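Structure assessment
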Amino acid sequence: MKKYRINEIFYSLQGEGYYMGTPAVFVRFSGCNRACAFCDTDFRAFTEMTAAEIAEAAAAFPGRHLVATGGEPLLQLDSDLLRELKLKGFYVQIETNGSMPVPSEVDWVTCSPKDAPWAVDRIDELKVVYQGQDVEETAALLPAPRLFLQPCSGVNTAETIDYILAHPRWRLSLQTHKLIDIR
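**Thoughts on the sheet that holds strand β7 (residues 125-130)**
Across the sheet, which stays open at both edges, the nine strands sit in the order β3-β1-β2-β4-β5-β6-β7-β8-β9 with mixed pairing between neighbours. Each edge of the open sheet carries a strand with a single partner, namely β3 (47-49) and β9 (171-172). Inspection of the sheet shows strand β8 (residues 147-151) paired to β9 by two bridges, in the parallel sense. Counterpart to Leu-149 in the pairing with β9 is Leu-172. Docked against the sheet, helix α2 (residues 79-87) engages β1 (4-13), β2 (23-29), β4 (65-69) and β5 (91-96), running at close to 140 degrees with respect to β5. Its contacts with the sheet put helix α4 (residues 157-166) on β7, β8 and β9, and the angle it makes with β8 is roughly 155 degrees.

Below you can see the structure in the form of structure tokens.
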């Protein structure tokens, strides 16, 4: 029976992007194919769980919005696990770095691209961690109907706001969960 490496499963409010403020079950996968200096996940810590165990643990919480995150969840998230989650009534949002195609069972794709190459085949929202890079080029290569710019760990908020004011097609995404001190 297939096992997935799960860093943690918890219930909180979505703190970023389009669904900010929405109660959500977070399934944080362990492992990533990128090495971002600002990553907040310890990939050495994980529990191996089956798809049924993950779905059961997630269903113990009252919300039915589920955020698959990581690391890079698409290294593990597959149709078997998504079927189990759907049986429990979950709307599944994924937060991906854009390096892999997304299974069709995923309801909402948040792409927070890091390094190319990208293989993501659909995006509902593009959330770029702003570090002064050319975000217009990223948006052209990864077209999405919703564009969010997020300060990098809160250290360049003023610069990010200035960019958005000069480029009004972008919206600000803050890590509100960190600002209000929740998970």
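From this point on, the discussion continues.
**Observations regarding the side chain of Thr-50**
Residue position: Thr-50 is located in the loop between β3 and α1 (51-59). For Thr-50, the residues in contact, after removing those within four places along its chain, are Met-1, Lys-2, Lys-3 and Tyr-4.

**Notes on the nonpolar core**
In this structure, Leu-66, Leu-77, Leu-126 and Trp-170 are the most contacted members of the largest nonpolar core, which totals 38 residues. When residues of this core are assigned to their parent elements, the largest contribution, five residues, is made by α1. Among residues more than four places away in sequence, those in contact with Leu-126 are Cys-111, Pro-113, Thr-138, Ala-139, Leu-142, Ala-144, Arg-146, Leu-147, Phe-148 and Trp-170.

**Notes on the environment of Gln-76**
Relative to the elements of secondary structure, Gln-76 occurs in the loop between β4 and α2. With sequence-adjacent residues up to four places away left out, Gln-76 is seen in contact with Lys-2, Tyr-4, Arg-5, Phe-29 and Ser-30. Reaching out from Gln-76, the side chain makes a polar contact with the backbone oxygen of Ser-30 at a distance of 2.9 Å.

**Thoughts on the pattern of salt bridges**
Evaluated as defined, the whole model comprises nine salt bridges. Here Asp-107 and Lys-86 are joined by a salt bridge, their closest N and O atoms 2.3 Å apart. Note that Asp-107 is positioned in the loop between β5 and β6 (108-111) and Lys-86 in helix α2, a separation of 21 residues in sequence. Assessed through its relative accessible area of 28%, Asp-107 is described here as partly exposed. Salt-bridge contacts for Glu-136 lead to Arg-169; the nearest nitrogen and oxygen are separated by 2.8 Å. Pair noted here: Glu-136 is in helix α3 (residues 135-141) and Arg-169 is in the loop between α4 and β9, with a separation of 33 residues, a long-range link.

**As for α1**
Those residues of α1 that fall on the buried side of the exposure criterion are Ala-51, Ile-54, Ala-55, Ala-58 and Ala-59. Within α1, the buried residues cover an arc of 125 degrees as seen down the axis, which keeps them to one side. Contacts made by the buried residues of α1 are with β1, β2, β3, β4 and α2.

**A word on the pairing of β4**
Counting buried positions along β4 yields five of five residues, so the element is predominantly enclosed. In β4, alternate side chains face the same way, and those of His-65, Val-67 and Thr-69 on one face and Leu-66 and Ala-68 on the other are all buried. As judged from the four bridges shared by β2 and β4, these two strands associate in the parallel manner. Paired with Arg-28 across the strands is Thr-69, a residue of β4. Pairing of β4 with β5 involves four bridges; the strand directions are parallel. Looking across to β5, one finds that Ala-68 is bridged to Ile-94.

Rules behind the numbers
Residues numbered from 1 in each chain as written. Predicted model: local features only at pLDDT ≥ 70, side-chain atom pairs only at ≥ 80, totals over all residues. Heavy atoms only, no water. Pairing = 2+ DSSP bridges. Helix = DSSP H or I, 4+ residues; strand = E, 2+ residues; numbered from the N terminus. Contact = heavy atoms within 4.5 Å. Axes fitted to C-alpha atoms, helices over the stretch in contact; angles between N-to-C directions. Core = buried A, V, L, I, M, F, W, Y, C linked by side-chain atoms within 4.5 Å. Buried < 20%, exposed > 50% of the residue type's maximum accessible area, 1.4 Å probe, protein only. Polar contact = N/O pair within 3.5 Å; in protein donor to acceptor, adjacent residues only side chain to side chain. Salt bridge = Lys/Arg side-chain N within 4 Å of Asp/Glu carboxyl O. Arc of directions from axis to C-beta.

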